[in-house]
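Geometric and topological summary
One-letter residues, chain by chain:
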Amino acid sequence: MIYYWILFLIPALFALYEDKRSLNPRTGSYPIKFNLGLFLWMIFLTIMIGLRFGVGGDWLSYDTMYNEQVGLQFSEMLLSLRDDPLYNFLNWLSAQLGLGLQTVNLICAFIFSSGLVIFCQNLPRPWLGLLVAVPYLIIVVSMGYTRQSMALGIAFFALIALSRQKILFFTLLIMLAILAHKSAILLLPIAGLAATKNRWAVIAYLFAVGVFSYFIFIEASIEFYLEGYINQDLQSQGALIRLSMNGLPAIIYFLFRKKINLPEREGRLWFWISVLSIFMLVVFPVFPSSSALDRIALYMLPLQIVIFTYIADAIFQTKSFNTMVRYSIIIFYALVQFVWLFYASNSISWLPYRSYLWVNTIAGITF
C-alpha cells in the first residue's frame, strides 16, 4: 500500500509549492515545453504502471489475452485484430519476440503517462492536475483497465488538439484510440459540440468519421457489448460514487463558470463534458447498466483534472485563500484514495502492489 501513497505524495508536495503558470498571449494556451520534474515523474509512473505484477481486477483476463497470441502465425493474428486491434497486435508482437506481458504493459503505460503529463502541462497547475489523477485515473484505471488506459492516453493528446481547434489531428488520434479500445468512439460527438468555427461542417465531417469507424471497428462487436452491458443488466459496484466524482466538478464549473474563465477555445469542450457528466448522474437510477455508464464516464475523468486545477485560483483572489483551496483539494483526494484502498470491495485486487522488479516466478510459485 505504501507504493500507492508514494504515487500520491510526490505530486502533492509539488502541488503545494508550484506557482500558477501564465497563458501564452500569442496562442491563448498554456505552453507545453520540456520540464525535467514532469519528465522524471512520467518515467516513474510508466515503470510503476507498466511493471506491475498481478495487480488489477482484470489481470488474469489480460494474461489470457497475451497467452492466446503466443505461437500464432501472422495470418492467424490478423483474424484477432477485429477486437481492439492495436492492443492485440502489441500482444502478438511481444509474444513473437518473447518479451512477455510486461512489455505490453510498459508500452501502454508509457502512452497513458505521457498523454496525462502533457495534458496537465496544458493547465495552469500541472502538478495539481496530476495529483487529482492519482486515486482513480492512475491507480484504478491505468493499473486495472489496460486497453482503456491506452485509449485514454491517446485521448489526452486528442483533447489538447481539440482545445486548439485542430480537428483533423483530433480525428486521427481518436481513430488511433479506437484501435486501442472501441469505447473511444464516444469522444467524436463531443468534438462536434465543442467546435467554435464552421460548426456544422465539423459536425458533418465527424459524423462521417463516426459512421466509418463504426462499420470498420465497432459493428462486429456491437451485439457482444449490448448483450454484456445492457441485456444482462450488468452492474458495477461504486459506479454511483465514480459518476458523482465527475458530477461534482461539473456542478462547480456551472456555479463558478465566469470566475473559472477557461480559455475561449476550451470553454465549449468542457461545457459539454460537464453537461454529459451531470446527465449520466441524473439517468443513473433508471439506466439498465451501471457498468456501461461507468465505462463511458472514464472519458469524462479529465474534467476533474481541468476544473480542480482552475478552481484553485478562481474563487478567491488572495494567495492565502488560493493556498487553502489547494490544500482542500489535496485533502479531498487523499480521502478518496484512503476510502478506496481500505473500503472498496475490489481494492483487494490491487493489494499489495507487486512489481516485476522484485517478484520472481518459478514453476508457477510467486515469491
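Further up the page is the structure itself.
Scope of this entry: the structure provided in the associated data block. (Residues numbered from 1 in each chain as written. Predicted model: local features only at pLDDT ≥ 70, side-chain atom pairs only at ≥ 80, totals over all residues. Heavy atoms only, no water.)

Looking at the overall build of the chain
Definition in use: Secondary structure elements are taken from DSSP: a helix is a run of H or I of four residues or more, a strand is a run of E of two residues or more, and numbering for both begins at the N terminus. Exposure is judged per residue with a 1.4 Å probe applied to protein chains only, and the accessible area is read against the type maximum: over 50% gives exposed, under 20% gives buried, and values in between give partly exposed. For this analysis, residues touch if any pair of their heavy atoms sits within 4.5 Å. Accessible surface is estimated by sampling points in the Shrake-Rupley manner with a 1.4 Å probe; for residues, cover comes only from the protein chains shown.
Along the chain, the regular secondary structure elements total 18 helices and two strands. Out of the 367 residues in the chain, the part that is buried amounts to 51%. Taking as baseline every contact in the chain between residues at least 6 positions apart, the subset at least 24 positions apart corresponds to 78%. In the form shown here, the chain has an accessible surface area of approximately 17100 Å², with 69% of it arising from carbon and sulfur atoms.

Let's talk about unusual backbone geometry
The step from L351 to P352 runs through a cis peptide bond, and the omega angle for that step is -10 degrees. Note on placement: P352 falls in the loop between α18 (319–343) and β1 (361–362). Positive phi, close to 50 degrees, is recorded for N261, a residue that is not glycine. By secondary structure assignment, the location of N261 is in the loop between α14 (257–260) and α15 (264–283).

Observations regarding the side chain of S347
Note the following rule: Any pair of nitrogen or oxygen atoms within 3.5 Å is treated as a polar contact; in protein, a donor-acceptor pairing is required on top of that, and neighbouring residues in sequence qualify only through side-chain atoms on both sides.
Structurally, S347 is set in the loop between α18 and β1. Of note is the side chain of S347, whose polar atom sits 3.4 Å from the backbone oxygen of W340. Leave out the neighbours within four places in its chain, and S347 touches W340 and L341.

Looking at the side chain of S113
With respect to the helices and strands, the residue S113 is situated in helix α6 (residues 101–121). Not counting the four nearest positions on each side in its chain, S113 is found in contact with M42, L45, T46 and I49.

Looking at the nonpolar core
Here is the rule: Here, nonpolar core means buried Ala, Val, Leu, Ile, Met, Phe, Trp, Tyr and Cys residues that are tied together by side-chain atoms lying within 4.5 Å of each other.
Membership of the largest hydrophobic core comes to 110 residues, with the highest contact counts inside it found for L7, L116, L137 and I138. For this core, the leading source of residues is helix α7 (residues 126–142), giving 13 residues.

Quick word on the packing of α7 against α18
The relative placement of two packed helices is expressed as an angle between their axes plus a distance between the axes. Note the threshold: Helix axes are fitted only over the stretch in contact, all axes being lines through C-alpha atoms; the angle between N-to-C directions runs from 0 to 180 degrees. For classification purposes, angles smaller than 35 degrees are called roughly parallel, those larger than 145 roughly antiparallel, those between 65 and 115 roughly perpendicular, and all remaining angles oblique. Three classes are used, and their members are as follows: Ala, Val, Leu, Ile, Met, Phe, Trp, Tyr, Cys and Pro are nonpolar, Asp, Glu, Lys and Arg are charged, and the others, Gly among them, are polar.
Where α7 meets α18, the closest approach of the two axes is 10 Å, and the angle between their N-to-C directions is 10 degrees. Classified by the angle their axes make, α7 and α18 are roughly parallel. Here L128, L131, V132, V134, P135, I139 and V140 of α7 lie close against α18, whose contacting residues are R326, I329, I330, Y333, V336, Q337 and W340. Grouping the amino acids of the contact of α7 with α18 by side-chain chemistry returns 12 nonpolar, one polar and one charged.

Some thoughts on empty space enclosed by the protein
Heads up, the rule is: Put simply, the grid is 1 Å and covers the protein atoms alone, a cavity is a trapped set of points that fit a 1.4 Å probe, a pocket is an open set with protein on both sides within 12 Å along at least five of seven lines, and lining residues have an atom within 4 Å of a point. Grid points are joined across faces, edges and corners, and a volume is the space filled by probe spheres set on the points.
Counted according to the given criterion, the structure contains three cavities of 30 Å³ or more. Of the volumes computed, that of the largest cavity is approximately 70 Å³. Lining the largest cavity are V132, A133, P135, Y136, L137, M245, L301, Q304, I305, Y333 and V336. When residues of the lining of the largest cavity are traced back to their parent elements, those giving at least two are α7, α17 (302–311) and α18. Here the lining of the largest cavity gets five residues from one element, more than from any other, and that element is α7. Residue composition of the lining of the largest cavity, grouped by class: 10 nonpolar, one polar and no charged.

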